[in-house]
Amino acid sequence: MEALTWTGPLGALLNPIIQIVTLCFLIAIAIQIIGTMALPAARGFNSDGSIQIHFTTRIIDRAVKYCLYGFITLLSLYVIIGAVLGASSLGIIGGISRQLLPIWMSMIAIFTASIIFKRKLGLYGKLFDSPIGMIGFALVIFWVLVTLLAGGLDMVVTHDELSQVSGMKNKVPGTPVRGAEVGDYAHYLLGGDNLARDVFSRAIKGSAIVIVIAPAATLFAFMVGITLGLPAGYYESAPLHFKTKGFYLTSGIALVFSILMFAIAPTDIAILITILSMFVIWMLLKTAVDTVISFLANLILAFPVILLFFLLVTPEIVKTGLPNYMAMILFIFPVVFFGVLLNARFHTRPDIRWWIVGGVTLILFWFYLSMVSEIGSPVYILPNFLDGISLPSEILVVFVSVVFVNSPTVFRIVRGLTLDIKTRDYVAAAQTRGESSWYIMLWEILPNVRGPLIVDFCLRIGYTTILLGTLGFFGLGLESESPDWGTTINAGRRLLSIAPVPALVPALALMSLVLGLNLLADGLREESLKD
Amino acid sequence: MILTAICLTFVVFVMTNLQPNLEKLAKTQGNFRMSDAEVASYLGDRGFNRPMTIKYGEWLGVVPSYRIIGRDGQTRSRCSAHGPVQESTVKYCGVIQGYWGQSWVFKEPVATVIDKRLSRTGALMFWVFLLMIPGALILGILAGMREGSRLDRTLSTVTITTTATPEYVSGVIFIALLASSKFGLSPLLNSWGWTEKRTILKGSATSASKDMPADFDISFLPQFLDGLWFRLAEAPNVENFLLPVITIALYGMGYIARMTRASMAEVMTSQYIRTARLKGVSFRNIVLRHALRNALIAPFTVIMLQIPWLLTGVVIVETLFNYKGFGWALVQAASNNDMDLLLAVSVVSVVVVLLTQLISDIGYVFLNPRIRIS
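All figures in this text were calculated on a predicted structure; none of them were measured in a lab.

Procedures and definitions
Residues numbered from 1 in each chain as written. Chains lettered and ligands numbered in written order. Predicted model: local features only at pLDDT ≥ 70, side-chain atom pairs only at ≥ 80, totals over all residues. Heavy atoms only, no water. Helix = DSSP H or I, 4+ residues; strand = E, 2+ residues; numbered from the N terminus. Buried < 20%, exposed > 50% of the residue type's maximum accessible area, 1.4 Å probe, protein only. Contact = heavy atoms within 4.5 Å. Areas by Shrake-Rupley, 256 points an atom, 1.4 Å probe, with all protein chains shown as cover. Lys, Arg positive; Asp, Glu negative; His and termini not counted. Charge placed at Lys NZ, Arg CZ, Asp CG, Glu CD. 1 Å grid on protein atoms, 1.4 Å probe; cavity = no way out; pocket = protein on both sides within 12 Å on 5 of 7 lines; lining within 4 Å. Points joined across faces, edges and corners; volume = space filled by probe spheres on them. Nonpolar A, V, L, I, M, F, W, Y, C, P; charged D, E, K, R; others polar. Phe/Tyr/Trp six-rings, centres within 6.5 Å; stacked < 30°, edge-to-face > 60°. Lys NZ or Arg CZ within 6 Å of the ring centre and 35° of its normal. Buried area = accessible area lost by both parts, 1.4 Å probe. Salt bridge = Lys/Arg side-chain N within 4 Å of Asp/Glu carboxyl O. Polar contact = N/O pair within 3.5 Å; in protein donor to acceptor, adjacent residues only side chain to side chain. Core = buried A, V, L, I, M, F, W, Y, C linked by side-chain atoms within 4.5 Å. Domains from an automatic or database assignment. Patch = residues over 30% accessible without salt bridge, like charges linked within 9 Å, V, L, I, M, F, W, Y side chains within 5 Å. Axes fitted to C-alpha atoms, helices over the stretch in contact; angles between N-to-C directions. Parallel < 35°, antiparallel > 145°, perpendicular 65-115°, else oblique. pLDDT = per-residue confidence, 0-100.

## Observations concerning the overall build of chain A
Then, number 1: Scanning chain A for helices and strands turns up 21 helices and four strands.
Then, number 2: Counting over 531 residues, chain A shows a buried share of 50%.
Then, number 3: Here the analysis covers contacts within chain A between residues at least 6 apart in sequence; of these, 70% occur between residues at least 24 apart.
Then, number 4: Looking at chain A as shown, the accessible area adds up to about 25800 Å², and 71% of this sits on carbon and sulfur atoms.
Then, number 5: Averaging the positions of the 33 positive and the 31 negative side-chain charges in chain A gives two centres separated by 7 Å.

## Things to note about the overall build of chain B
Then, number 1: When helices and strands are counted, chain B shows 15 helices and two strands.
Then, number 2: Projected onto the principal axes, the alpha-carbon positions of chain B cover approximately 90 × 70 × 45 Å.
Then, number 3: Considering chain B as a whole, with its 374 residues, one finds that 49% of them fall into the buried category.
Then, number 4: Taking the contacts inside chain B whose residues are at least 6 apart along the sequence as the reference set, 62% of them involve residues at least 24 apart.
Then, number 5: As displayed, chain B offers around 18000 Å² of accessible surface, 63% of which is attributable to carbon and sulfur atoms.
Then, number 6: Computed over 35 positive and 24 negative side-chain charges, the separation of the two mean positions in chain B equals 11 Å.

## Some points on empty space enclosed by the protein
Then, number 1: All chains considered together, the criterion is met by six cavities of 30 Å³ or more.
Then, number 2: By volume, the largest cavity amounts to about 130 Å³.
Then, number 3: Taken together, 15 residues line the largest cavity, and the ones lying closest to its centre are Phe-13, Phe-48, Arg-78, His-82 and Asp-340 of chain B.
Then, number 4: Secondary structure elements with two or more residues in the lining of the largest cavity: α4 (52–60) and α15 (339–367) of chain B.
Then, number 5: In terms of residue count, α4 of chain B provides more of the lining of the largest cavity than any other element does, three residues in total.
Then, number 6: Split by residue class, the lining of the largest cavity holds six nonpolar, three polar and six charged.
Then, number 7: Of the volumes computed, that of the second largest cavity is approximately 80 Å³.
Then, number 8: The wall of the second largest cavity is formed by Asn-170, Asp-193, Asn-194, Arg-197, Arg-202, Thr-488, Ala-491, Gly-492, Leu-495, Ala-499 and Pro-502 of chain A.
Then, number 9: Tallied by class, the residues present in the lining of the second largest cavity amount to four nonpolar, four polar and three charged.

## Some words on the packing of aromatic side chains
Residues and elements named next belong to chain B.
Then, number 1: Counted according to the given criterion, the structure contains 31 aromatic pairs over all chains.
Then, number 2: The rings of Phe-10, Phe-13, Tyr-56, Trp-59 and Trp-100 are connected pair by pair, giving a single aromatic cluster.
Then, number 3: The positively charged end of Arg-146 is found above the aromatic ring belonging to Phe-283, 4.4 Å away from the centroid.

## Thoughts on the interface of chain B and chain A
Then, number 1: With 51 residues of chain B in contact, the opposing surface of chain A contributes 47 residues.
Then, number 2: For the pair chain B and chain A, the summed buried surface comes to about 4600 Å²; carbon and sulfur atoms form 79% of the total.
Then, number 3: Counting the surface chain B buries against chain A, the share from its top three residues, Met-15, Arg-150 and Tyr-168 of chain B, is 14%.
Then, number 4: Linking chain B with chain A are two salt bridges, by the criterion used here.
Then, number 5: Notably, a salt bridge pairs Arg-258 of chain B with Asp-522 of chain A, separated by 3.2 Å at the nearest N-O pair.
Then, number 6: The interface formed by chain B and chain A includes four residue pairs in polar contact (both at pLDDT 80 or more).
Then, number 7: The dominant element in the side of chain B that touches chain A, judged by the number of residues it contributes, is helix α1 (residues 2–16) of chain B, at nine residues.
Then, number 8: For the side of chain B that touches chain A, the class distribution of residues is 34 nonpolar, 13 polar and four charged.

## A word on the nonpolar core
Then, number 1: In terms of nonpolar packing, the biggest core is built from 192 residues, with Ile-103, Phe-331 and Phe-474 of chain A touching the most fellow members.
Then, number 2: The element that contributes the greatest number of residues to this core is helix α7 (residues 199–234) of chain A, accounting for 17 residues.
Then, number 3: One finds Met-145, Val-267, Met-268 and Ile-286 of chain B within the second-largest nonpolar core, a separate group that totals twelve residues.

## Structural notes on the pattern of salt bridges
Then, number 1: This structure, assessed with the given rule, holds 18 salt bridges over all chains.
Then, number 2: Between Arg-433 of chain A and Glu-435 of chain A there is a salt bridge whose closest N-O contact spans 3.1 Å.

## Describing the domain arrangement of chain B
Residue and element names in this part refer to chain B.
Then, number 1: Considered domain by domain, chain B is made up of domain 1 (2–84) and domain 2 (110–367).
Then, number 2: Taking only C-alpha atoms, the centre of domain 1 and the centre of domain 2 are 38 Å apart.
Then, number 3: In this assembly, 15 residues from domain 1 lie in contact with eleven residues from domain 2.
Then, number 4: Applying the counting criterion to the domain 1 and domain 2 interface returns zero salt bridges.
Then, number 5: There are three residue pairs in polar contact (both at pLDDT 80 or more) connecting domain 1 and domain 2.
Then, number 6: Broken down by secondary-structure element, the contributors of at least two residues to the side of domain 1 that touches domain 2 are α1 and α2 (19–29).
Then, number 7: The dominant element in the side of domain 1 that touches domain 2, judged by the number of residues it contributes, is α1, at seven residues.
Then, number 8: Across the side of domain 1 that touches domain 2, the residue classes break down as eight nonpolar, five polar and two charged.

## Let's talk about the side chain of Glu-167 of chain B
Then, number 1: If you trace the backbone, Glu-167 of chain B turns up in helix α7 (residues 167–178).
Then, number 2: Although buried, Glu-167 of chain B forms no salt bridge, and the nearest oppositely charged side chain, Arg-493 of chain A, lies 13 Å from it.
Then, number 3: With near-sequence residues (within four places) excluded, Glu-167 of chain B lies in contact with Thr-247, Ile-248, Tyr-251, Gly-313, Ile-316, Val-317 and Leu-320 of chain B.

## Things to note about a nonpolar patch on the surface
Then, number 1: There is a patch of nonpolar side chains on the surface, built from Met-1, Val-351, Leu-355, Leu-358, Ile-359, Ile-362 and Phe-366 of chain B and spanning about 660 Å² of accessible area.
Then, number 2: Here Leu-355 of chain B falls in the partly exposed class, since its relative accessible area comes to 38%.

## Concerning the environment of Gly-462 of chain A
All names here are of chain A.
Then, number 1: Position of Gly-462 relative to the elements: it lies in helix α19 (residues 450–473).
Then, number 2: Residues Gly-462 and Ala-521 lie 59 residues apart in sequence; the distance between their C-alpha atoms is 9.7 Å.
Then, number 3: Excluding its chain neighbours within four sequence positions, the residues that come into contact with Gly-462 are Val-514 and Leu-517.

## Looking at the packing of helix α14 (residues 332–346) of chain A against helix α15 (residues 350–372) of chain A
Residue and element names in this part refer to chain A.
Then, number 1: At a closest axis distance of 9 Å, the pairing of α14 and α15 adopts a crossing angle of 175°. By the angle class used here, α14 and α15 are roughly antiparallel. Across the interface between the two elements, Ile-332, Pro-334, Val-335, Phe-338, Gly-339, Leu-342, Asn-343 and Phe-346 of α14 pack against Ile-352, Arg-353, Ile-356, Val-357, Val-360, Thr-361, Leu-364, Phe-365 and Tyr-368 of α15.
Then, number 2: For the contact of α14 with α15, the residue count by class is 13 nonpolar, three polar and one charged.

## Comments concerning the confidence of the model for chain B
Residue and element names in this part refer to chain B.
Then, number 1: Mean pLDDT for chain B: 82, with 91% of residues reaching 70 or above.
Then, number 2: No element of chain B has a lower mean pLDDT than helix α9 (residues 226–234), which averages 69, and none a higher one than helix α11 (residues 271–278), which averages 90.
Then, number 3: If you check the scores for this complex, the pTM reads 0.89 and the ipTM reads 0.87.

If you want it as structure tokens, here you go:
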């Protein structure tokens, strides 16, 4: 077998053309930039008052446009020809494009359907009015499809992401696999890494970890942030009053907690925690709930992220079970959120109230228990036959630490938005109607801040992806053979100056996903500002 | 602010003093084959098996340090760096007394370690700021002066791309492009005969973190500025320092540029700018004289609040380029559970966070004439 070149035999024809077009495009862009500075913006005004563009500007603009179109056409030509003819005619690019064929097909289907029905699809449909949003959406949906098809159905990858083939260590892209049998893929499309594994398959498989964890962790962080941020922004007075039902309830919980602490923790820590909980209750009696939560949020925010990771995500800390206890606290927020959300809506309908609220809360609580409880970890509450979800401990640690880092920022955003929205008339109207505070927070305020929250959600998934990469880069959390991008970059960076491809491929993959999310957020912001 | 610092250091203290972490420390400092009993006596002799709050009080300097006669007959104290007690050993030694403890990894007093590393990171940050702030402000102002124009859209795409490129990605790309002898631009330029060297830039900044030679002397500078001069000008050069600097600067630049752009765009739509335009002031004068000052108020706050965020970048870049600065020390301290060093590192970073918040608040009041505290 021969080694593949980047563009194969057909490249001899296509490469010169694309080089010329690229050169033209760059020259045109340069002239355009000089032009915007040198030429006047307007030559005069039309009769309807619009600006008459300088004719030189128009020529330059047109040149740039055609060059760009030509460039894009040529690029898609590479992809299309590659997808049809495969590696034999278009080399590595062809081979990759051929492997990604199911993804191209699904993307075309999704885009066609979305563009046809875009007027009926609300905010999602409006996304297809802005080119930036479309590019962002394309990048994101590409990686989501890669996860679904490669992670779920094992379609795109050429080799097993963990198997090592002898003689393929640090090989350049396109090297034929030694001893490949019939039915095996004949080449390592993007070469081998320092343990002779296929770089292409690892990058594709690695997407699954990021695509699953990042949005889920961001969602949990949003649940925590919203559940704490709404009351912090909404209530102005002290939430507890002396000798009321709430006061006794909170004091009781604090008392039980303190006694528990005396049972399991060293005495001095238990005394400290008791004093702390008494202090918190005193604060809740004296000042708004905002003061307490904001102080805690600022405390976490003052912590450098990287130090927090190093403290939380080490095998020694995992042994103490600290991440499991944190998961117990953090994962309860979605249960509380949905319970309160439904209760606030349905408390006027006694006939179905308990069925809906109780049912949903029970199901969520089962999910909660099966996520938190794990055999061999300190938190082992649920019997094994009831345990529906089995989270490996290293995934749980990474998940918890990422949620923990993101929550305070979300809290601050939600709090700020609530402070702004609660002065509106419709909130005053709801208060006059006698609605409960949680109904106003969750069904009046929350739907009206969804725009900024959705935009921030997209940005935050990108940020979470970066955080996951950081964790992998320092070898924290996931085990060293895991194909996720951060860990792969960490493994590849030692030989960076000799064999850069194994580190470069996951780096570019991570960058494209984050870029896609940022562009998507930008597009969404633009479109939601229009109305 | 002091309350925050105390809370945070206590958290770090508890985390580093958890039992598995202590065992790891004992095993790395003693030897790996120690039995459980030996680990317990090692830790006991050095005062680790006592209540957490008392140990924290010792570190803070409000509780007298332990004096334990170990199983081997030696009397140890925290104030003598967990070694044998001497005549001169004091009773209280903590942060309040100015003693930061002894680093287990570097076998030096923590204060020395931090001092040395901070000066290196300081030099790195100096160049980063020199590159990042003007770059970000120029990009933001150019993009924001004509909102929606083609220049704006191009520059906005550039800034979105840089914010989407974390340091470990851009660092890898830069090394592959510019500092690899087999890949990217270096072999290309070499084969064309444009460069003599095998790589254009170096993928490691180790040579920029070298120690100052003892006889280092600059004639035109007073003695005490020599060290500063050495860190800023002599040790680093373009070849070994440019890549780490642009790697950090690029990621921070995007965000500041976007904030500047938003602020500039807002100023450009305000009434007084329209008045100036209608009076016939040239566009250049409007941007430079009328808009610029008001547009720069918001970015100042952003730049200040960006500094703590840069810390993560510093840690990543110092690890990637093997530059032995503050971030590198953080990684070493954390992965070896070097508790005193880790505590000092967290104190420094918390102080940086809180100070930048304070400066940004004060600076905002100074820059913005609309806010005056009476």
